[in-house]
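Report on the structure
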Amino acid sequence: MMTNPGNSGGAPTGSWPVRLIKRVRNWVYKTAVFVLNAFFLRNRRWYYPGFYGTDAPGVLLLKNLLAPQRLLTKLAYGRWGGLPPRLSRATPLPSGAKPREWEEAGPYVERLRADGVLFLPGRFAAAAGIIAEKYKARAFPLSDAYWRTMIDPGDDPRILGVITDGLLISIIARYYGSQPFLRNLPHLTVAHPSVTRKEAERKPSDFALCWHYDTVNLVDVHMLVSPVTPEGTRMQYARSSHRRHHAFLGGTHYGDYNPSHAYVSDHYEIIDLCGPPGTAVIVDSNGLHRMEPVKGAFRAEIITSYSPGNSILPTEGFVATSTDNYAVHPNASARTGFDTTGLGALQRRVLEKVAPGSPS
Ligand SMILES: [Fe+2]
């Protein structure tokens, strides 16, 4: 999932000074895209044919000046520039008791800050088995696309327990320095590729095959439901790549959005997101990542996205996909709320934006 930088489109609107500023900005932008495409981006020493994405600091500085939306969103939510939550658009942490795992979270937060990825092996081992059985994860057949099913956390206390887990939420809250919110409802994502990577690359593919980064400020939790090994279908992450302020200018087919695999493996250590069922992998998805499909190798996980407040997805648009024994996603806003008995304020508020009926 990516954020369009908001490239200029159509005639500028507003009063004449605003129109003038927009026209100048558009002109500079288009000239920079032309120059980069014509010269620098075709330098094969740093860039690779077909992929013009790069993390070179000078180029990123230029791109962030021309397409500053991502950086401004980071600034607005205190993710860059050091604005405290009460001066930013982020929500300050609730006063009072924190989850009992708050102190335990400290070293994990340091690791997440350093690497952009953090493993909690077996954290949800018991829940993973039950979830796999209940939602018939293994029943999804071979396909050249993901199987994605939204799950209502109110449907199963184990799902609710995973997405509001005290340690997970403490780590994300301390990482943000503010209240995290669920960005959308968790979904079971199954990949059971019927194709090799080469075959998948030959046609437009639903699998996120290219190295990319996601919508700004998000932290994703991948809870492995099936065993995932370095030889099987898996996600890969470029260690510490989240520390760069990614931006892209776009142009045809998001020309400079994706770096090549050669570029990423030259510049970063690649980490396979593997582990036994129940492992939680926390990822800062501003870092570079991709899917590595292996033909016939099954992978199932529950993916949950958190945000400090930006880019929350509406739940009203989702349609229930209920078939017997399969994951159900009813309209969350119609619910009276989840059973949040026993959760502290920090964990309850995580649910606030996707489940307005929940007590906070
Ligand atoms: Fe992604």
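In this text, all values refer to a predicted model and were calculated from it rather than measured experimentally.

Cut-off values and rules
- Residues numbered from 1 in each chain as written.
- Predicted model: local features only at pLDDT ≥ 70, side-chain atom pairs only at ≥ 80, totals over all residues.
- Helix = DSSP H or I, 4+ residues; strand = E, 2+ residues; numbered from the N terminus.
- Contact = placed C-beta atoms within 7 Å.
- Buried ≥ 20, exposed ≤ 12 C-beta atoms within 10 Å, placed from the backbone.
- Arc of directions from axis to C-beta.
- Core = buried A, V, L, I, M, F, W, Y, C linked by C-beta atoms within 7 Å.
- Pairing = 2+ DSSP bridges.
- Axes fitted to C-alpha atoms, helices over the stretch in contact; angles between N-to-C directions.
- Parallel < 35°, antiparallel > 145°, perpendicular 65-115°, else oblique.
- Left-handed = near helix turned anticlockwise from the far one by under 90°.
- Nonpolar A, V, L, I, M, F, W, Y, C, P; charged D, E, K, R; others polar.
- pLDDT = per-residue confidence, 0-100.

Moving on to the overall build of the protein. From N to C terminus, the protein includes ten helices and ten strands. If you take every contact in the protein between residues at least 6 apart in sequence, the share linking residues at least 24 apart comes to 83%.

Of all eleven residues in helix 7 (residues 166–176), nine are buried; the element is thus mostly enclosed. Those residues of helix 7 that fall on the buried side of the exposure criterion are Leu-168, Ile-169, Ser-170, Ile-171, Ile-172, Ala-173, Arg-174, Tyr-175 and Tyr-176. Those residues of helix 7 hidden inside the fold are in contact with helix 4 (105–115), strand 5 (219–224), strand 8 (280–284), strand 10 (299–307) and helix 10 (345–350). Where helix 7 ends, the next residue or the one after it, Gly-177, has phi of about 75°, a positive value.

One turn of the α-helix equals 3.6 residues, which is why residues spaced by three or four share an orientation. Buried within helix 3 (residues 69–76) are the following residues: Arg-70, Leu-71, Thr-73 and Lys-74. When helix 3 is viewed along its axis, its buried side chains cluster within an angular range of 160° and face the same direction. Residues of helix 3 that are buried make contact with helix 2 (57–66). Residue Gly-78 follows helix 3 closely and has a positive phi angle near 70°.

Before going further, it helps to examine the nonpolar core. Ile-171, Ile-172, Met-223, Val-225 and Ile-282 are the most contacted members of the largest nonpolar core, which has 68 residues in total. Broken down by element, the residue count for this core peaks at seven residues, all from helix 7. If we skip the residues at most four places from it in the chain, Ile-282 touches Leu-112, Leu-118, Ile-171, Val-219 and Val-221. With six residues, the next largest nonpolar core counts Leu-71, Phe-248, Leu-249 and Tyr-257 among its residues.

Let us look at the sheet that holds strand 9 (residues 289–292). Taking strand neighbours across the sheet as the criterion, the three strands line up as 7-6-9 in an open arrangement whose pairing is antiparallel. A single partner strand is all that each edge strand has here, and the edge strands are strand 7 (270–273) and strand 9. If you compare each strand with its neighbour and ignore which way they point, the axes differ by 30° on average. Pairing of strand 6 (residues 234–238) with strand 9 involves four bridges; the strand directions are antiparallel. For Arg-234, the partnering residue across the bridge sits in strand 9 and is Glu-292.

Any two packed helices are characterised by how steeply their axes cross, that is the angle between the axes, and by the distance between the axes. Across the interface, helix 4 lies against helix 7 with an axial gap of 9 Å and an inter-helix angle of 55°. Here helix 7 runs oblique to helix 4, going by the angle between their axes. Crossing angle aside, the handedness with which helix 4 passes helix 7 is right-handed. Where helix 4 abuts helix 7, its residues Ala-105, Tyr-108, Val-109, Leu-112 and Arg-113 lie against Leu-167, Ser-170, Ile-171, Arg-174 and Tyr-175. Residue classes in the contact of helix 4 with helix 7 are distributed as seven nonpolar, one polar and two charged.

Phi at Ser-240 is positive, roughly 70°, even though this residue is not glycine. Positionally, Ser-240 belongs in the loop between strand 6 and helix 9 (261–267).

This brings us to the confidence of the model for the protein. For the protein, the mean per-residue pLDDT works out to 83, and 82% of the residues sit at or above 70. Every residue in residues 317–336 scores below 50 in pLDDT, and together they form 40 contacts with partners more than four places removed in sequence or on other chains. This stretch, residues 356–360, has a pLDDT under 50; its non-local contacts, to residues over four places away or in other chains, come to 16 contacts.

The buried fraction of strand 8 amounts to five of the five residues, a majority that puts the element mostly inside the structure. Neither face of strand 8 is open: one carries Ala-280, Ile-282 and Asp-284, the other Val-281 and Val-283, and all of them are buried. Relative to strand 8, strand 1 (residues 117–120) runs antiparallel, the two being bridged by four bridges. Bridging from a neighbouring strand, Leu-120 pairs with Ala-280 of strand 8. Sheet topology note: the strand 5/strand 8 ladder contains five bridges and is antiparallel. In the sheet register, Val-219 faces strand 8, and the bridge partner there is Asp-284.

Within the secondary structure layout, Leu-343 lies in the loop between strand 10 and helix 10. C-beta crowding within 10 Å serves as the criterion here: with 21 such atoms nearby, Leu-343 is assigned to the buried category. Residues Leu-343 and Thr-164, spaced 179 residues apart in sequence, show a C-alpha to C-alpha distance of 8.1 Å. Non-local contacts of Leu-343, meaning those with residues more than four positions away in its chain, are made with Thr-164 and Arg-348.

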